[in-house]
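Notes for the structure review
Now for the letters of each chain:
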Amino acid sequence: MSPAPPLDREELSRILLATAGGDQGAFTELYRRTSAKLFGVCLRMLRDRGEAEEVLQEVYTTVWRRADSFDAARASAITWLVTLARNKAIDRLRQHREELLDEPDRLDRPDDDQPSPALQAEASQDRVRLERCMDALEPQQKSAVREAFFSGATYNELADRCRVPLGTMKSWIRRSLIRLKACLET
């Protein structure tokens, strides 16, 4: 199989919309163009190759069934797909919540240090931009955002861990997301 061409927003939206119409060829092309990136998202969050592969399969099963819920006016196709992958990975993390909460530094230790196309895709310009924007956040807010998005921790859990009121944690996350969005759009 030849490598996937670079992701073009409009073309990817057209492919996703064709998939929503039941076009199996479009679905195959969508998988070819996006699976490395989505696998990278799953692997980064789950830190287990087997788990990431299972979640990726769930993601594409959901894409096939729910592609008609994609709205190009609300988000780009890749944003919709990454959000879906992230949510599926969070669901999987929540299934294993006790293990993660007992050992929160697990997210910093890779289980699999084999380089893969997904990990190479993760080092893309988008990732570099996101890291730059994350680094602009205050350390506590940066940590809270990472915990919320990579371990699936709730506001209550984060507030307890950081020993701050629930309202403060919600404000930190909200303001941090607004800052990240603004930074990523520049």
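Below or above, wherever it landed, is the structure these notes cover. (Residues numbered from 1 in each chain as written. Predicted model: local features only at pLDDT ≥ 70, side-chain atom pairs only at ≥ 80, totals over all residues. Heavy atoms only, no water.)

Some details on helix H2 (residues 24-46)
Note the following rule: Secondary structure elements are defined from DSSP: runs of H or I of at least 4 residues count as helices, runs of E of at least 2 residues count as strands, and each element is numbered from the N terminus. By this rule, a helix spans an expected 1.5 Å times one less than how many residues it contains. Two axes are fitted around each residue, one to the seven residues ending there and one to the seven starting there, and the angle between them is reported as the bend at that residue. Under this definition, polar contacts are N or O atom pairs within 3.5 Å; protein pairs additionally need one hydrogen-donor-capable and one acceptor-capable atom, and for neighbouring residues in sequence, both atoms have to be side-chain atoms.
An ideal rise of 1.5 Å per residue puts 33 Å on 23 residues; H2 reaches only 29 Å between its terminal C-alpha atoms. In H2, a bend of some 55° at Thr34 exceeds every other bend along the element. Between the side-chain oxygen at the start of H2 and the backbone nitrogen of Gly25 there is a gap of 2.9 Å, and the oxygen is on Asp23. Residue Arg47 follows H2 closely and has a positive phi angle near 60°.

Examining the packing of helix H8 (residues 139-150) against helix H10 (residues 166-185)
Put simply, the rule is: Whenever a helix is involved, its axis is fitted only over the stretch in contact; in every case the axis is a line through C-alpha atoms, and angles between N-to-C directions fall within 0 to 180 degrees. With respect to orientation, any angle under 35 degrees is reported as roughly parallel, any angle over 145 as roughly antiparallel, any angle of 65 to 115 as roughly perpendicular, and every other angle as oblique. We call two residues contacting when some pair of their heavy atoms lies within 4.5 Å. Throughout this entry, Asp, Glu, Lys and Arg are counted as charged residues, while Ala, Val, Leu, Ile, Met, Phe, Trp, Tyr, Cys and Pro are counted as nonpolar. The remaining residues, Gly among them, count as polar.
Where H8 meets H10, the axes come as close as 9 Å, and the angle between the chain directions of the two elements is 90°. Classed by the angle they form, the pair H8 and H10 counts as roughly perpendicular. Listed contacts from H10 to Gln140, Gln141, Ala144, Val145, Ala148 and Phe149 of H8 are Met169, Trp172, Ile173, Ser176, Leu177 and Leu180. Considered class by class, the residues forming the contact of H8 with H10 number nine nonpolar, three polar and no charged.

Structural notes on helix H3 (residues 49-66)
For clarity, the cut-off: Remark: exposure states derive from per-residue accessible area (1.4 Å probe, protein chains only) relative to the maximum for the residue type, with buried under 20%, exposed over 50%, and partly exposed in between. Note that the arc is defined by the directions from the helix axis to the C-beta atoms.
Under the 1.5 Å per step criterion, the end-to-end length of H3 is 25 Å for 18 residues, consistent within 8% with the ideal 26 Å. Restricting attention to buried positions, one finds in H3 the residues Ala52, Val55, Leu56, Val59, Tyr60, Thr62 and Val63. For H3, the arc enclosing every buried residue in end-on projection is 160°, short of the 170-degree limit, so these residues lie on one face. Facing away from the buried side of H3 by more than 90 degrees, the exposed set consists of Gln57 and Arg65. Along its buried surface, H3 packs onto helix H1 (9-20), H2 and helix H4 (77-95). At the N-terminal boundary of H3, the capping side chain belongs to Asp48, with an oxygen 3.2 Å from the backbone nitrogen of Gly50.

Looking at the nonpolar core
Here is the rule: Nonpolar cores were defined as sets of buried Ala, Val, Leu, Ile, Met, Phe, Trp, Tyr and Cys residues, with membership established by side-chain atoms within 4.5 Å.
Core analysis: the largest hydrophobic core is formed by 30 residues, its most contacted members being Leu16, Leu30, Leu38, Leu46, Val59, Val63 and Trp80. Of all elements in the fold, only H1, H2, H3 and H4 reach the threshold of two or more residues within this core. The element best represented in this core is H2, accounting for ten residues. In contact with Val59, not counting residues within four places along its chain, are Leu38, Leu84, Ala85 and Lys88. Grouped together as the second largest cluster of nonpolar side chains are 15 residues, Ala159, Val164, Trp172 and Leu180 included.

Focus on the pattern of salt bridges
For the record, the criterion: We define a salt bridge as a contact between a side-chain nitrogen of Lys or Arg and a carboxyl oxygen of Asp or Glu at a distance within 4 Å.
Per the counting criterion, the structure on display carries nine salt bridges. Between Arg92 and Glu54 there is a salt bridge, and its shortest N-O distance comes to 3.0 Å. In this pair, Arg92 is assigned in helix H4 and Glu54 in helix H3, connecting sequence segments 38 residues apart. With its nearest N and O atoms 2.2 Å apart, the salt bridge here joins Glu147 to Arg161. Note that Glu147 is positioned in helix H8 and Arg161 in helix H9 (residues 155-162), a separation of 14 residues in sequence. On the basis of relative accessible area, Glu147 is assigned to the buried category, the value being 18%. Here Arg161 falls in the partly exposed class, since its relative accessible area comes to 32%. Through salt bridges with shared partners, a single network forms among Glu11, Glu29, Arg32 and Arg33.

A few points about the packing of H2 against H4
What counts here: If you view the pair so one helix is near and one far, a crossing is left-handed when the near helix is turned anticlockwise from the far one by less than a right angle, and right-handed when it is turned clockwise.
Here H2 crosses H4 at 35°, and the two axes come no closer than 9 Å. Of the two possible hands of crossing, H2 and H4 adopt the one that is right-handed. Contacts from Leu30, Thr34, Lys37, Leu38, Val41, Cys42, Met45 and Leu46 in H2 reach Ile78, Leu81, Val82, Ala85, Arg86, Ala89, Ile90, Arg92 and Leu93 in H4. The residue inventory of the contact of H2 with H4, partitioned by class, reads 13 nonpolar, one polar and three charged.

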